[in-house]
Amino acid sequence: MTQLRVGIDLGGTKTEIIVLNNTSEELYRKRIPTYRDDYQRTLADLALLVKEAEAAVGGSEIPVGLGIPGTVSRKTGFVKNANSTWLNGQPLQKDISAQLKRDVQITNDANCLAVSEATDGAGAGYDFVFAAILGTGCGGGVCYRAAPLAGPNGVGGEWGHNPLPWTPEPQLNARPCYCGRYGCQETFISGTGVAETYRLATGARLSGPEILAASDSGDTTALQVVDAYMEHLARAFAAVINVLDPDAIVLGGGASNVSAIYRELPKRLPRYVFGGECDTPILQAQHGDSSGVRGAAWLNPL
């Protein structure tokens, strides 16, 4: 019997829905802009997307998984840590389950990336997968045998708001983070982080793609900034390996398309991994920016 699943990726700028069958075949997909700063509109849009998807595939009461840029507190049932701030403090899981008249599974979007890639992507065949989203911000997720490990506080894998290891304190203090602290890894290894590295070096503002283009053209400062970015990534992921030692690390998000990462990290990681050696595969997400929505669909087991 074919088991259908609905996955939704609720992002800060776009919301995407997908319907998969039990062989990973995509039956339906739709993407809409996220209407920001209006919680009730978010609920209405989610419910409408599910209704449209079910009508398109001729199903009803299909299990739904939802990935969000935050997490649901086990203690309160409210969303916390979401950079889509209008979700914070809201009982999203309770409300959307009531709207759809079924239990909706919710987890962090980086956990969805990990689940997707461990199920049928770059991490397939590995038991213990760490996945990182390197985009406007940065997030991390962990899964074991394709099941997310969120932890009792809902922050499993979320290493982006720890200070970047092996970094002098003045460099940490130069980078305030939206979370209220300084020197978080997100302020170094996200797209905005590399732009900040360039600004601190030059006083000028360029986007990540502009910095990469300048480095490709041989611009000395841009080359130094890209080299620093590789070093920052090596420190950040070495800390993951020193604590978790995952079977594989999978990268998603816009910065994951930088091919130099997959050449440079294997060379640099042994400098920081305890014992001076590192055999951890660094892999690019196979499903690209669709991994989050696919992973949300897989939150519901067969």
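Above: the structure in question.
Q: Help me understand the overall build of the protein chain in this model?
A: For the protein chain, the helix and strand inventory stands at 10 helices and 12 strands. Here the C-alpha radius of gyration of the protein chain, 19 Å, is about what a compact globule of 302 residues would show, namely 19 Å. In terms of principal-axis extent, the alpha carbons of the protein chain reach across some 55 × 40 × 40 Å. Of all 302 residues assigned to the protein chain, the portion counted as buried reaches 53%. Relative to all contacts within the protein chain whose residues are 6 or more apart in sequence, the contacts with residues 24 or more apart total 60%. Of the roughly 13,800 Å² that the protein chain leaves accessible, carbon and sulfur atoms contribute 51%. The averaged location of the 31 negative side-chain charges in the protein chain is 4 Å from the averaged location of its 25 positive side-chain charges.

Q: It is not clear to me how the sheet that holds strand β10 (residues 147-148) should be interpreted in this structure. Could you clarify?
A: Either a parallel or an antiparallel arrangement is found when strands of a sheet pair, and the pairing is made through backbone hydrogen bonds. Taken in spatial order, the 5 strands of this open sheet run β10-β9-β8-β11-β12, and their pairing is mixed. Because the sheet does not close on itself, it has two edges, and the strands there are β10 and β12 (282-284). Note: strand β9 (residues 138-144) against β10, 2 bridges, orientation antiparallel. Its bridge partner being in β10, Cys143 is matched across the sheet by Pro148. In the packing of helix α3 (residues 109-120) onto the sheet, contacts are made with β8 (128-134), β9, β10 and β11 (248-252), and the angle to β9 comes to roughly 45°. Strands β11 and β12 of the sheet are contacted by helix α9 (residues 260-268), whose axis makes an angle of about 170° with β12.

Q: I'm lost on the pairing of β9 in this one. Help?
A: Across a regular strand the side chains alternate sides, sitting on one face of the sheet and then on the other. Of all the 7 residues making up β9, 6 are buried; the element is thus mostly covered by neighbouring parts of the structure. Bridge count for β8 against β9 is 7 bridges, and the pairing is antiparallel. The residue bridging Phe128 from the neighbouring strand is Tyr144, located in β9. Remark: 3 residues form the turn of the hairpin made by β8 and β9, two consecutive strands paired antiparallel. Taking the residues between adjacent antiparallel strands as the criterion, β9 and β10 are bridged by 2 residues, where Arg145 takes a positive phi near 50°.

Q: Mind showing me how you'd approach the sheet that holds strand β1 (residues 5-10) here?
A: The strand order across the open sheet built from 5 strands is β3-β2-β1-β4-β7, with neighbouring strands paired in mixed fashion. Either end of the sheet is taken by a strand with one partner, and the two such strands are β3 (26-33) and β7 (104-108). The sheet shows a mean angle of 15° between the axes of neighbouring strands, direction not considered. Relative to strand β2 (residues 14-20), β1 runs antiparallel, the two sharing 6 bridges. Looking at the pairing, Gly7 lines up with Ile18 of β2. Packed on one face of the sheet, helix α1 (residues 39-57) meets β1, β2, β3 and β4 (64-68) and runs near 155° to β3. Packing against the sheet, α3 makes contact with β1, β4 and β7, and its axis sits at approximately 100° to β7.

Q: I keep staring at the packing of aromatic side chains and nothing clicks. Help me out?
A: Two descriptors summarise a pair of aromatic rings, namely the distance from one centre to the other and the angle between the planes of the rings. For the structure shown, the criterion picks out 3 aromatic pairs. Aromatic pair Phe130 and Trp159: ring centres 5.3 Å apart, planes at 90°, arrangement edge-to-face. Here Phe130, found in strand β8, pairs with Trp159, found in the loop between β10 and α4 (169-173); they are 29 residues apart in sequence, far enough to count as distant. Of the two residues, Phe130 and Trp159, neither departs from the other in class, the shared state being buried. An aromatic cluster of three or more residues is present, and its members are Phe130, Trp159 and Phe237. Taking NZ or CZ as reference, Arg41 lies 4.1 Å from the ring centre of Tyr35, over its face. Between Arg175 and the ring centre of Phe188, over which it is positioned, the NZ or CZ distance is 4.1 Å.

Each value, and the rule that gives it
- Residues numbered from 1 in each chain as written.
- Predicted model: local features only at pLDDT ≥ 70, side-chain atom pairs only at ≥ 80, totals over all residues.
- Heavy atoms only, no water.
- Helix = DSSP H or I, 4+ residues; strand = E, 2+ residues; numbered from the N terminus.
- Rg over C-alpha atoms; globule rule 2.2 N^0.38 Å.
- Buried < 20%, exposed > 50% of the residue type's maximum accessible area, 1.4 Å probe, protein only.
- Contact = heavy atoms within 4.5 Å.
- Areas by Shrake-Rupley, 256 points an atom, 1.4 Å probe, with all protein chains shown as cover.
- Lys, Arg positive; Asp, Glu negative; His and termini not counted.
- Charge placed at Lys NZ, Arg CZ, Asp CG, Glu CD.
- Pairing = 2+ DSSP bridges.
- Axes fitted to C-alpha atoms, helices over the stretch in contact; angles between N-to-C directions.
- Phe/Tyr/Trp six-rings, centres within 6.5 Å; stacked < 30°, edge-to-face > 60°.
- Lys NZ or Arg CZ within 6 Å of the ring centre and 35° of its normal.

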